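Understanding the architecture of this molecule
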Amino acid sequence: MQTVDAAGLPIGDDHPPRIMGVLNVSKESPYSPSVYDDPAEAAAYVDEELVGEGADIVDVGLESANKRLDVLSAEAELDRLDTAIETIQSVSGDAIFSIETRYAEVAEAAIEGGFDMVNDICGFADPEMPAVCREYDVAVAKMASPPDLERPGAVEETDWAARKSAAWAESADYVDQVYEALKQNGLTEKTIVDPAFGGWSEAKTIADDHATFERLREFRGFGRPILVSINRKNFLRTIADRSTEEALPVSLAATAMAVERGAHIVRTHDVAETVDAAKIGSAFTERAAVAGGGVSVTELDARRATEVARHLETLGAPTDASDAYVSRVFEVSGLAPEAASELAAVAESAGLTVTTGDGGVLVGGRPDALREAADELAGRPTFEPLVEAVRTS
């Protein structure tokens with residue numbers, strides 16, 4: 001996993017999770033507590049509510065990304081940039097300042113004005129954005145998006161048949177599309193990937209965000225730090241049936257899980273609480289990394305064949321053997337002795353490891369071998385719980 005240096009702040013596996021607080025200088029932004037148009041008031045908010053509560057990075061938005069609002073032009077964003085620059089120049093606390101924009105010319109002006117990094121919500125749809133970030137040697141968060149400056153995050157609206165192939169477009173699911181969107185237009189040496197949680201388009205569903213969160217480890221396949229913006233998002237609120245105002249606890253639970261699954265930056269409006277949740281996730285993350293003699297070894301923390309496949313793809317290697325790197329284990333109890341013996345025979349025939357004891361049967365091995373055994377056992381009521389568990393895991 002590559003460490004990205006953001007103006008002296010290291011971001012990556014070997015460093016604590018970083019917290020990105022949010023300041024908006026856009027009056028149309030929906031979260032009013034973070035919206036300011038007076039630089040002095042904005043600077044006080046940053047010092048007290050963001051940096052003062054533990055934010056490592058302050059992300060300054062010039063416009064709302066609400067899909068129902070008109071997109072501001074680069075000129076309109078530049079008109080607001082003076083307020084943002086005056087704000088960061090007035091902040092007394094120590095933080096990295098990120099400018100959220102989709103335009104390379106706005107990013108360049110912001111960097112010239114004192115900003116340290118870029119948060120591109122359109123995924124390099126402006127083809128000059130990578131060049132600007134390279135020229136100024138700044139870190140840049142790249143959110144998964146179509147190559148369209150007016151549709152941030154709407155990856156499912158991309159014409160994938162034209163950009164990839166009709167066969168790929170037919171077989172790809174939503175997470176596949178997000179992963180491919182992040183690959184479009186390349187990465188800089190200091191790119192941080194953002195899988196675009198939230199309602200970026202009318203076609204985006206709660207299930208899409210669920211799938212992305214469930215498969216968050218796959219994005220480690222880029223070998224770059226991961227940014228997540230999950231604070232009070234709908235896909236979390238619906239699980240617990242909470243309003244936005246009541247959703248802080250679900251956000252914090254998800255934050256700890258996201259960090260354990262590989263997130264390196266958490267973007268939030270609730271800084272103090274998110275700092276604590278990220279610390280819990282980091283404390284219980286087990287991911288070995290050892291370096292010496294010019295050689296580095298990193299545990300991939302891959303639980304699924306799809307996660308291994310992402311790393312194989314990055315290496316330029318075939319992905320069809322990804323199942324061989326993953327092992328899953330199931331404990332089966334409540335079987336009669338004859339059924340336990342039958343299960344053991346089928347499992348061993350499929351190449352699985354089987355141990356039978358007085359309390360039940362332990363079955364483990366590669367996902368493809370487990371599926372083979374499940375197919376053999378399908379249709380027999382006694383084994384249906386195991387078959388379902390294997391097929392849904």
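The following paragraphs examine the structure supplied in this document. (Residues numbered from 1 in each chain as written. Predicted model: local features only at pLDDT ≥ 70, side-chain atom pairs only at ≥ 80, totals over all residues. Heavy atoms only, no water.)

**Here we look at the sheet that holds strand β6 (residues 117-120)**
Read from one edge of the open sheet, eight strands run β8-β7-β6-β5-β4-β3-β10-β9, paired in parallel fashion. Every other strand in the sheet has two partners, leaving β8 (191-194) and β9 (227-228) as the edge strands with one partner each. Sheet topology note: the β6/strand β7 (residues 139-143) ladder contains four bridges and is parallel. By the bridge assignment for β7, Met117 is matched with Ala139. (Pairing = 2+ DSSP bridges. Helix = DSSP H or I, 4+ residues; strand = E, 2+ residues; numbered from the N terminus.)

**Quick word on the packing of aromatic side chains**
For the structure on display, the rule yields six aromatic pairs. Between the aromatic rings of Tyr179 and Phe222, the centroid separation amounts to 4.2 Å while the plane-to-plane angle is 20°, which identifies the pairing as stacked. Taken together, the positions of Tyr179 in helix α7 (residues 174-183) and Phe222 in the loop between α8 (206-214) and β9 put the pair 43 residues apart, joining distant regions of the chain. Residue classification places Tyr179 among the buried residues on the basis of a relative accessible area of 3%. Judged by relative accessible area, which is 12%, Phe222 ranks as buried. Ring geometry for Phe213 against Phe235: centres 6.0 Å apart, planes inclined by 50°, an arrangement best described as tilted. Remark: Phe235 occurs in helix α9 (residues 234-240) and Phe213 occurs in helix α8; sequence separation between them is 22 residues. Residue Phe213 is classed as buried on the basis of its relative accessible area of 8%. For Phe235, a relative accessible area of 2% puts it in the buried group. (Phe/Tyr/Trp six-rings, centres within 6.5 Å; stacked < 30°, edge-to-face > 60°. Buried < 20%, exposed > 50% of the residue type's maximum accessible area, 1.4 Å probe, protein only.)

**Points about the nonpolar core**
Ranked by size, the top nonpolar core spans 73 residues in total, and within it Leu23, Val58, Phe115, Val118, Phe219, Val228 and Ile230 carry the most contacts. In terms of residue count, the dominant contributor to this core is α7 (six residues). Residue contacts for Phe115: discarding those within four places in its chain leaves Val60, Leu81, Ala84, Ile85, Ile88, Phe97, Ser98, Ile99 and Ala110. Counting residues in each nonpolar core, the second largest holds 22 residues, with Ala369, Ala373, Ala374 and Val387 among its members. (Core = buried A, V, L, I, M, F, W, Y, C linked by side-chain atoms within 4.5 Å. Contact = heavy atoms within 4.5 Å.)

**A closer look at the sheet that holds strand β15 (residues 360-365)**
Taken in spatial order, the three strands line up as β13-β15-β14 in an open sheet, and their pairing is antiparallel. Each end of this open sheet is capped by a strand with a single partner; those strands are β13 (328-332) and β14 (353-357). Going from strand to strand, the sheet's axes swing by 10° on average, the running direction of each strand aside. (Axes fitted to C-alpha atoms, helices over the stretch in contact; angles between N-to-C directions.)

**Considerations on a nonpolar patch on the surface**
On the surface, Val290, Val295 and Val297 cluster together into a nonpolar patch covering about 280 Å² of accessible area. Within the fold, Val295 resides in strand β12 (residues 295-298). (Patch = residues over 30% accessible without salt bridge, like charges linked within 9 Å, V, L, I, M, F, W, Y side chains within 5 Å. Areas by Shrake-Rupley, 256 points an atom, 1.4 Å probe, with all protein chains shown as cover. Salt bridge = Lys/Arg side-chain N within 4 Å of Asp/Glu carboxyl O.)

**Examining the pattern of salt bridges**
Here the structure, examined in full by the defined rule, presents 30 salt bridges. Measuring nitrogen to oxygen at the nearest pair gives 3.0 Å for the salt bridge that ties Arg151 to Glu157. Residue Arg151 is classed as partly exposed on the basis of its relative accessible area of 26%. With a shortest N-O distance of 3.1 Å, Glu260 and Arg217 are connected by a salt bridge. Taken together, the residues Glu260 in helix α10 (residues 248-260) and Arg217 in the loop between α8 and β9 connect sequence positions 43 residues apart. Of the residues examined, Arg217 reaches a relative accessible area of 8% and is grouped as buried.

**Considerations on unusual backbone geometry**
One non-glycine residue with positive phi stands out, namely Ala7, at about 55°. Overall, Ala7 belongs to the partly exposed group, its relative accessible area being 48%. A positive phi angle is found at Arg232, which is not glycine, with a value near 55°. Of note, Arg232 is situated in the loop between β9 and α9. Its relative accessible area of 15% is what places Arg232 among the buried residues.

Don't take any of this as a statement about function, it's just geometry.
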